[in-house]
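Structural features, examined
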Amino acid sequence: MITYKKRYFFVVIIFFLQSQIIMAMPAIEREHTLMPIPKEILWDSGEFRLDESFRINVVGEAGDRTFKAATRALQRLSGRTGLFFEQDYITGINQSPEAGFELMCYRPGELKLGEDESYRLRISSREIILEAETELGLLHGLETWLQLLMADEEGYFFPVVLIEDEPRFPWRGLMIDVARHFQPVHVILQNIDAMAAVKMNVLHLHLSDDQGFRVESKAYPLLHEMGSDGNYFTQCQIHEIVSYAAERGIRVVPEFDMPSHTTSWFVGYPELSSKDTLYTIERSWGIKDPGMNPANEYTYAFLDTFIGEMASLFPDAYFHIGGDENNGKWWKKNPEIVAFIDSMGFETTHNLQAYFVKRVYEIVQKHNKLMIGWGEIYNPDLPQEVLIHFWSPRMKEMESILLNGYKGIVSNGYYLDYFRKTEYHYLLDPVRPEYISDSLAAQNILGGEAASWAEFVTQELTGLRIWPRTAAIAERFWSPANVRDVEDMYRRLEIVSIRLEEVGLDHLKNRDMMFRRLAGQRDISSLHVLAGVVEPLKNYSRHRAVDKKRYVQHAPLTRFVDAAWSDAPDARRFNMLVQKYIQQPTPELETEIRKMLQIWAENHKKLEPIINANPILWEIHTLSEDLSLSANIGLMVLDKKKSWRGVSSKDIDKYVQQLEEMKHIPGELSFQHLDALIALITA
Ligand code: ACM
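Residues numbered from 1 in each chain as written. Predicted model: local features only at pLDDT ≥ 70, side-chain atom pairs only at ≥ 80, totals over all residues. Heavy atoms only, no water.

**Considering the overall build of the protein**
Helix and strand counts for the protein stand at 26 helices and 18 strands. A globule of 683 residues ought to have a C-alpha radius of gyration of about 26 Å, and the protein, at 28 Å, matches this closely. In terms of principal-axis extent, the alpha carbons of the protein reach across some 85 × 80 × 50 Å. By the burial criterion, 58% of the 683 residues in the protein qualify as buried. In the protein, once contacts between residues fewer than 6 apart in sequence are set aside, the share between residues at least 24 apart is 75%. (Helix = DSSP H or I, 4+ residues; strand = E, 2+ residues; numbered from the N terminus. Rg over C-alpha atoms; globule rule 2.2 N^0.38 Å. Buried < 20%, exposed > 50% of the residue type's maximum accessible area, 1.4 Å probe, protein only. Contact = heavy atoms within 4.5 Å.)

Okay, structure coming up:
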């Protein structure tokens, strides 16, 4: 029998013989738009030309999941190229031995952590062969194949290439918080398609928090009836999400956060809580005092039934119990709980939290699930099968925890609600050198998750806060660790971002839509110009920027700042041009820089009437004015430097002072071009 590996070896040899390349010939490098970058790429000259007779054939052990994925891929190809392919629906029966593209795998594969996701894609000028151990590999290979499509004066083609690929980490997740603001099914499905397009494989749903309980429970219906404002997934909808994800090779891991972040549970079931009071759904953000009562057996009986119900609703092996940010304040105030702490000989509420986690672990295990929880759940009495989800707490202890034999995934550094630039996330490795030096510890990191907390995210914002940045994080989780070229990442990301709308995302069009609502019937291009240069305040400073109580669940998230990029694209381009110009001034670079400054200089004239006509925009008046002012300073200094009189250092100091002041403009946005502009005028 020819095994997969042997057959592959064979194919490689034949490929190289056929392709007539000689070892001495330099390999050609194509400027490609692959994201994530595959483990190995061997380019060769030549093209597989695409025409309407193109067909796909599926052989081997592939099944329904592959037929559907191949059909979707063919439809996307048709949509992108405008070609009217003859082939309609791809099945295992309707085989086309003459097809240009053959897919084959050796077994369907299981949707579980650590399953083989590798694939080999071979494109020659005559045929395309995608081969994988499992269907999961085929799905990834199809995405790579679609990303390879190119065009030239003769039409569309796929470049001749041999790709051998597999992920660096087996857990490549995206967490979507549907509790703080509910995200309906269609938003979740869009994100599943986008995840599949960049080879992510775990959708983690944060399903309950102080501000909402988002799944129908038949065992405890007051959870969703009283804790959700009517915004929850029915069990039927959960089935739909889980099977939609499974078809795309994505696991769904549910999280029910406990013992804290649980106010919404207590609205219907106050007897679960550690304080006897009336509860309403929490509307403000932050760490809250309510928590479950860990001293009451009722809590564990309730959780046994509840977790049992949810364990059968969500088929994945893992069950996330949250466990974060429990401040224990109300535990200390409840005499029964204090007596329990004493009777158990606990020294602090941390011991009580550990006791609670252990009890919940036993329940999770009883229902045949593996437990995962945020860093705070860790204590060395837990069995090693418990997976630790690292965020800020426990990062310093991460290495020792991993060396104790526990496995972990990392979200620290991948919080999308920090409004950080893509490159910040991209350059942070899950194996963070400041925390991990031991290779044994590194081996216990299974991957990571981008985290979309939703305090500032409504359904129309979900896409644009998550994407396209998460595509770069997906590359960090999939590609070899040495793939770290930031400029090239941004080049590819721009193209990937547009292609993500092909699979149904709305991250670019929703920004346009929001700007249209802000501008009324007027042209939105001047809003885009301003948005190209500013970003929302980073980390959590938006919460504090205006006044602490301003942001609550029902606050409007429809203002300019909400539609702003976390990664202002024009500022990035300007900063890059200036950096190059300072290193090596050329007339071409100066022209490019001047063009950008000119657009900014003229923008306020265009934007001001729109701002004046719409009170919702008044807050950006100074921002708009300052953008033009800053650009005029830049142009003026460039002009003066060219003139025979030059520019005095006193004048430069004055301009720098003015630009520095613009860094502290009140509000929730900050300019991203000022350092480069200051560098330009002082160079
Ligand atoms: C968390 O951010 N509280 C997990």
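**Quick notes on the nonpolar core**
If you look at the biggest cluster of nonpolar residues, it comprises 103 residues, and the most contacted ones within it are L203, F256, M258, W265, L303, F306 and W467. When residues no more than four places from it in sequence are discounted, the contact partners of W265 are S208, F213, L223, F256, D257, M258, L272, M292, F302, L303 and F306. Membership of the second largest hydrophobic core comes to 64 residues, among which are V529, Y551, F574 and Y655. (Core = buried A, V, L, I, M, F, W, Y, C linked by side-chain atoms within 4.5 Å.)

**Here we look at the packing of helix α24 (residues 621-642) against helix α26 (residues 674-682)**
Where α24 meets α26, the axes come as close as 9 Å, and the angle between the chain directions of the two elements is 20 degrees. Classified by the interaxial angle, the pair formed by α24 and α26 is roughly parallel. Our pair here, α24 against α26, has a crossing hand that is left-handed. Residues S630, I633, G634, V637, L638 and K641 of α24 touch α26, and the partners they reach there are L674, L677, L680, I681 and T682. (Axes fitted to C-alpha atoms, helices over the stretch in contact; angles between N-to-C directions. Parallel < 35°, antiparallel > 145°, perpendicular 65-115°, else oblique. Left-handed = near helix turned anticlockwise from the far one by under 90°.)

**Things to note about the layout of surface pockets**
In this structure, the largest pocket occupies an estimated 790 Å³ of space. Forming the boundary of the largest pocket are 35 residues, of which Y490, E494, P569, R572 and R573 lie nearest the centre. Counting only elements with at least two residues in the lining of the largest pocket, the list comes to α13 (422-427), α15 (459-466), α17 (486-502) and α22 (569-583). Here the element with the most residues in the lining of the largest pocket is α22; it accounts for 10 residues. (1 Å grid on protein atoms, 1.4 Å probe; cavity = no way out; pocket = protein on both sides within 12 Å on 5 of 7 lines; lining within 4 Å. Points joined across faces, edges and corners; volume = space filled by probe spheres on them.)

**Quick word on the side chain of E460**
Residue position: E460 is located in helix α15. Taking relative accessible area as the criterion, E460 reaches 16% and is therefore assigned buried. Filtering out sequence-adjacent residues up to four positions away, E460 remains in contact with N510, M513, M514, R517 and T558.

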